[in-house]
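If you want the building blocks of each chain, they are given just below.
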Amino acid sequence: MRLGETHRPVPGLRLRGLVKHFGAKVALRGIDLEVDGARILGVVGPDGAGKTTLLRCLAGLLEVEAEEALVLGHDLRGDVTALKSELGYVPQSFSLYRDLSVHENLQVTARLNGLFGDEFAARANPLLERTGLAPFVDRQAGALSGGMKQKLAIVSALLSRPRLILLDEPTAGVDVLARDEIWAILRERKHEVLVVVSTSYLEEVEDCDLLVYLDDGRAIATGSPAELRASVPLELYRAWGDEPRAAAAAARSLPYVFASRATGSHARIEVRRADTPGTERVIADLLALPERPVLVAERMAIDTESMLLSLARGDRGGNGGPPGPGTPANAAPGPGDRAAATSNRSPGAGASP
Amino acid sequence: MSTPDAIIRAEGLTRRFGDFTAVDDLTIRVATGSIFAFLGANGSGKSTTIRMLIGLLTPTTGEIEVDGVDVIRNPRLVRDHIGYMGQKVSLYQGLSVRENVEFYAGLYGLDAAALRERWGALSERLSLRDVEHEHPADLPAGVRQRTGLALSTLHRPRVLFLDEPTAGVDVHNRALFWELIAEEARAGVTVFVTTHFLEEADYCDRVCFIESGRLEADGTPAELRARWSQGYRVRLAGDAALADAPDLRRLLERCAPDGIELRRTPEGVEIAAGQLGREWLRAVGDLQRTHPSLRVSVDEPPMTGIFRALSGRPA
């Protein structure tokens, strides 16, 4: 598959049958991926799907097997020294010099990349301004908040103007304002650099130009967020009422309902396209549920959450994992367990001597 | 401190580190059996507050009571009443899941029979039975988090403190994890939880935001939306004729007294409301029943926007 058109001659990624073993364990089972030009490629998928391994392969950190494995035109199966000088990589657990200041940390990176004096300042200062780190340049890196540390790592990775930047969950545990700033930087840079980023945040998945969805070491879906949403074989409904949990439970009684789950103010109900009796009928049925838990029902477009859950369920068949959220198997705990838990409420029962 | 059904009560909690005030006169109450979201930016004082609530850090001033225990006077006693799980789940890498469980059970003083019964139920409910002989390093993040939840609830604590339990966990396992949290709450356990996935605030009964160690907002998700967002937009679109239907006019009349705005649009009408109301929702539902072709769409203000609005306020 060929994704997107070339903005300028940035040779991106060209992978065919990329395989990575760790001993007997196969982490990547043959990844095909072709991405041209500067853009944001999101790597998504369940925990353990191979996202981190793929990023480490792209960073030239692992020996790989493949029919083709070109990153920025460099073959991952050969000498990757040149590749490494053209990319920035921020792993999940990156290392900053805790005892050095923000400025000193960047200086170390700059020197490693042969950047000195005015040239260093000319690159570092706009990035520091952009990330809101400018007022903290003299603070020790170890004293930064989690979000600021992440921003420093990203500034550091961008300092040498790489053509490829690899970010492994750069916003895990980061608050929404810092996430906004990090993504603003990525969006600004995406015309000159290919950004490959893994994330678990729904709104960040939505912000990617392209997505590759990994599951069990395979790339099972590739495309823009809109393309992947359109490929979901489900209809999504929302039911609004006083008791979303009751609405979700009642909706499961409809024979064609595939999954149903309550969130704060409404129930999300999924119906397989193959099973749907039609939008009007579904809405009428939801409104007519016994005891009327649904006051208003609507059909909405498939959103990122449904898209990811659907992709996750699609290949989750036989690995012994838990059933999907909202399926009847997730009903309340058994009576024995509940009784035991409730008995804990009696005064004094919770405290041991 | 006289709210009888509050299992966590913190009054005027302040913690200074030298000149720096990490937590500033914070008062919070958490209702028994509720799910309480404790939100704030990185560095806003969340972790410092949690460390005080679980007896690991003494406040500079203030009072704390958790499940009837005066935490400041009896910081060790409170640990029998609470479970704690952090973002980095503490599992012994050299031990299997089951061995980790046995180790923690020993710390909690569970005897073999109690452990067998408790782990039997927990491993079933948290889908951990198949992995009990695996080692933590081999487990995906979602399974490790469920193991962490099992360990933190082994001794049947009345209050669970979960500090970013879903950080770095995929959407499927997050949804599953929140089902489990809801089950704990239905069984009477109080859950005090932090997260940066703001959509998760909607699984909580009450949400509190702190900024620079100070309480900025405290309310149900609906109350926060009413106060800190543009509110709901409900669009009704259908045949042009519908705009003149008597039903719709009645709807207009029924809604107007509630301070709900109703605008005509080229497609039909748009309702703007600070919060969802049973009356007008029912009226919209009645319209849906009588006009099956009516298209309804509800815009709910996202929690991320509320967080931005709160964080953007001058301190």
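Residue indices begin from 1 for each chain and proceed along its sequence in written order. Just so you know, chain letters begin at A and ligand numbers begin at 1, following the order they were written in. Local features in this predicted model are restricted to residues whose pLDDT is 70 or higher, and side-chain atom pairs enter the listing and the counts only when it is 80 or higher, whereas totals over whole chains, interfaces and linings include all residues.

Moving on, we come to the overall build of chain A. Looking only at helices and strands, one finds 12 helices and 14 strands in chain A. Counting all 353 residues of chain A, 46% fall into the buried class. We call two residues in contact whenever the C-beta atoms placed from their backbones are within 7 Å. Of the contacts formed within chain A by residues at least 6 apart in sequence, a portion of 69% connects residues at least 24 apart. Numbered from the N terminus, helices here are DSSP runs of H or I no shorter than four residues, and strands are runs of E no shorter than two. Neighbour density around each residue's C-beta defines its exposure: 20 or more other C-beta atoms within 10 Å make it buried, 12 or fewer make it exposed, and counts between make it partly exposed, where C-beta atoms are placed from the backbone.

Attention now moves to the overall build of chain B. Check the secondary structure of chain B and you find 9 helices and 14 strands. Going through the 315 residues of chain B one by one, you find that 48% of them count as buried. Pairs at least 24 residues apart make up 69% of the contacts formed inside chain B by residues separated by at least 6 positions.

Below, the discussion takes up the pairing of strand E14 (residues 295-299) of chain B. Residue and element names in this part refer to chain B. Residues of E14 alternate between two faces, with Val 296 and Val 298 buried on one and Arg 295, Ser 297 and Asp 299 left unburied on the opposite face. Strands qualify as paired when DSSP identifies two bridges or more between them. The sheet contact formed by strand E11 (residues 232-237) and E14 spans 5 bridges and is antiparallel. When the bridges of E14 are listed, Ala 237 appears paired with Arg 295.

A few words now on the interface of chain B and chain A. Contact with chain B, which involves 58 residues of that partner, is made by 54 residues of chain A. Taken together, the elements giving at least two residues each to the side of chain B that touches chain A come down to helix H3 (112-125), helix H4 (141-153), helix H5 (171-186), helix H6 (221-228), helix H8 (278-290), E14 and helix H9 (303-311) of chain B. By the convention adopted, Pro, Cys, Tyr, Trp, Phe, Met, Ile, Leu, Val and Ala count as nonpolar, Lys, Arg, Asp and Glu as charged, and the other residues, Gly among them, as polar. Its residues assigned to classes, the side of chain B that touches chain A shows 22 nonpolar, 18 polar and 18 charged.

Further remarks concern H3 of chain B. Residue and element names in this part refer to chain B. Here H3 contains 14 residues, and its C-alpha end-to-end distance of 20 Å stays within 8% of the 20 Å for a straight helix at 1.5 Å per residue. Within the sequence span of H3, burial applies to Arg 118, Trp 119, Leu 122, Ser 123 and Arg 125. In an axial view of H3, the angular spread of the buried residues amounts to 155°, which keeps them on one side of the axis. In H3, those exposed residues whose orientation departs by more than 90 degrees from the buried face are Ala 113 and Arg 116. One or two positions beyond H3, positive phi appears at Ser 127, with a value near 55°. Working rule for helices: expected span equals 1.5 Å times residues minus one. Arc definition: it is the arc formed by the directions from the helix axis to the C-beta atoms.

This brings us to the sheet that holds strand E1 (residues 13-22) of chain A. Residue and element names in this part refer to chain A. The sheet built from 4 strands is open, its strands ordered E2-E1-E4-E5 with antiparallel pairing. Since the sheet does not close on itself, it has two edges, and those belong to strand E2 (25-35) and strand E5 (74-75), each with one partner. Strand direction decides the pairing type here: E1 and E2, joined by 8 bridges, are antiparallel. In the strand pairing of E2, His 21 is matched with Val 26.

Quick look at H5 of chain B now. Residues and elements named next belong to chain B. When the terminal C-alpha atoms of H5 are compared, their 23 Å separation across 16 residues agrees well with the 22 Å that a helix rising 1.5 Å per residue should span. Those residues of H5 that sit buried are Val 171, His 172, Asn 173, Arg 174, Ala 175, Leu 176, Phe 177, Trp 178, Leu 180, Ile 181 and Glu 184. Phi turns positive, to about 100°, at Gly 188, one or two residues after H5.

A separate point is unusual backbone geometry. Backbone geometry at Leu 72 of chain A places phi at a positive 50°, although glycine is not the residue there. Summarising the element assignment, Leu 72 of chain A is placed in the loop between strand E4 (68-71) and E5. Owing to 19 C-beta atoms within 10 Å, Leu 72 of chain A belongs among the partly exposed residues under this scheme. Non-glycine residue Glu 164 of chain B carries a positive phi angle of around 50°. In this structure Glu 164 of chain B comes out as buried when scored by C-beta crowding, with 21 C-beta atoms within 10 Å.

What follows concerns the environment of Gly 86 of chain B. All names here are of chain B. Mapped onto the fold, Gly 86 is located in the loop between strand E6 (82-85) and helix H2 (97-108). You can call Gly 86 partly exposed: it has 17 C-beta atoms within 10 Å. Note: C-alpha distance between Gly 86 and Phe 161 (75 residues apart in sequence) is 8.2 Å.

All names here are of chain B. Spatial ordering of the open sheet is given by E12-E13-E11-E14, a layout of 4 strands whose pairing is antiparallel. Edge positions in the open sheet fall to strand E12 (261-265) and E14, since each of these has one partner strand only. In this sheet, adjacent strand axes meet at a mean angle of 15° when their direction is disregarded. In terms of strand pairing, E11 meets strand E13 (residues 268-273) through 6 bridges, oriented antiparallel. The partner of Leu 236 across the bridge, within E13, is Val 269. Orientation is described by axes fitted as lines to C-alpha atoms, over the contacting stretch for helices, and by angles from 0 to 180 degrees between their N-to-C directions.

Viewed as axis vectors pointing N to C, helix H11 (residues 304-314) of chain A and H5 of chain B meet at an angle of 100°, and their least axial separation amounts to 9 Å. Considered as vectors, H11 of chain A and H5 of chain B are oriented roughly perpendicular to each other. Within the contact between the two elements, H11 of chain A uses Glu 305, Leu 308, Leu 309 and Ala 312 of chain A and H5 of chain B uses Val 171, His 172 and Ala 175 of chain B. Grouping the constituent residues of the contact of H11 of chain A with H5 of chain B by class yields 5 nonpolar, 1 polar and 1 charged. Oblique is the label for every angle not falling under 35 degrees (roughly parallel), over 145 degrees (roughly antiparallel), or within 65 to 115 degrees (roughly perpendicular).

For this analysis, nonpolar core means a set of buried Ala, Val, Leu, Ile, Met, Phe, Trp, Tyr and Cys residues linked through C-beta atoms within 7 Å. Counting 194 residues, the largest nonpolar core has Leu 41, Leu 166, Val 196 and Ala 239 of chain A together with Val 66 and Phe 192 of chain B as the members making the most contacts within it. Among residues more than four places away in sequence, those in contact with Val 66 of chain B are Ile 7, Ile 8, Leu 53, Val 71, Val 78, His 81, Ile 82 and Val 159 of chain B.

On average, chain B scores 89 in pLDDT, and the residues at 70 or more come to 95%. Per the prediction output, this complex has pTM 0.86; the corresponding ipTM is 0.88. pLDDT: the predictor's confidence for each residue, scored from 0 to 100.

It is worth spelling out the environment of Arg 179 of chain A at this point. All names here are of chain A. As for its position among the elements, Arg 179 is in helix H6 (residues 176-189). Residue Arg 179 is classed as buried on the basis of its 20 C-beta neighbours within 10 Å. Separated by 28 residues in the primary sequence, Arg 179 and Lys 151 place their C-alpha atoms 9.1 Å from one another. Setting aside chain neighbours within four positions, we find Arg 179 in contact with Thr 171 and Val 174.

Right, let's talk about the environment of Val 294 of chain A for a bit. All names here are of chain A. By the element assignment, Val 294 lies in the loop between helix H10 (279-287) and strand E14 (296-300). Overall, the presence of 31 C-beta atoms within 10 Å leaves Val 294 in the buried class. Between the alpha carbons of Val 294 and Glu 227 there is a distance of 31 Å; along the sequence they are 67 residues apart. When neighbours within four sequence positions are excluded, Val 294 is seen to be in contact with Ala 239, Gly 241, Ala 247, Leu 286, Leu 287 and Leu 289.

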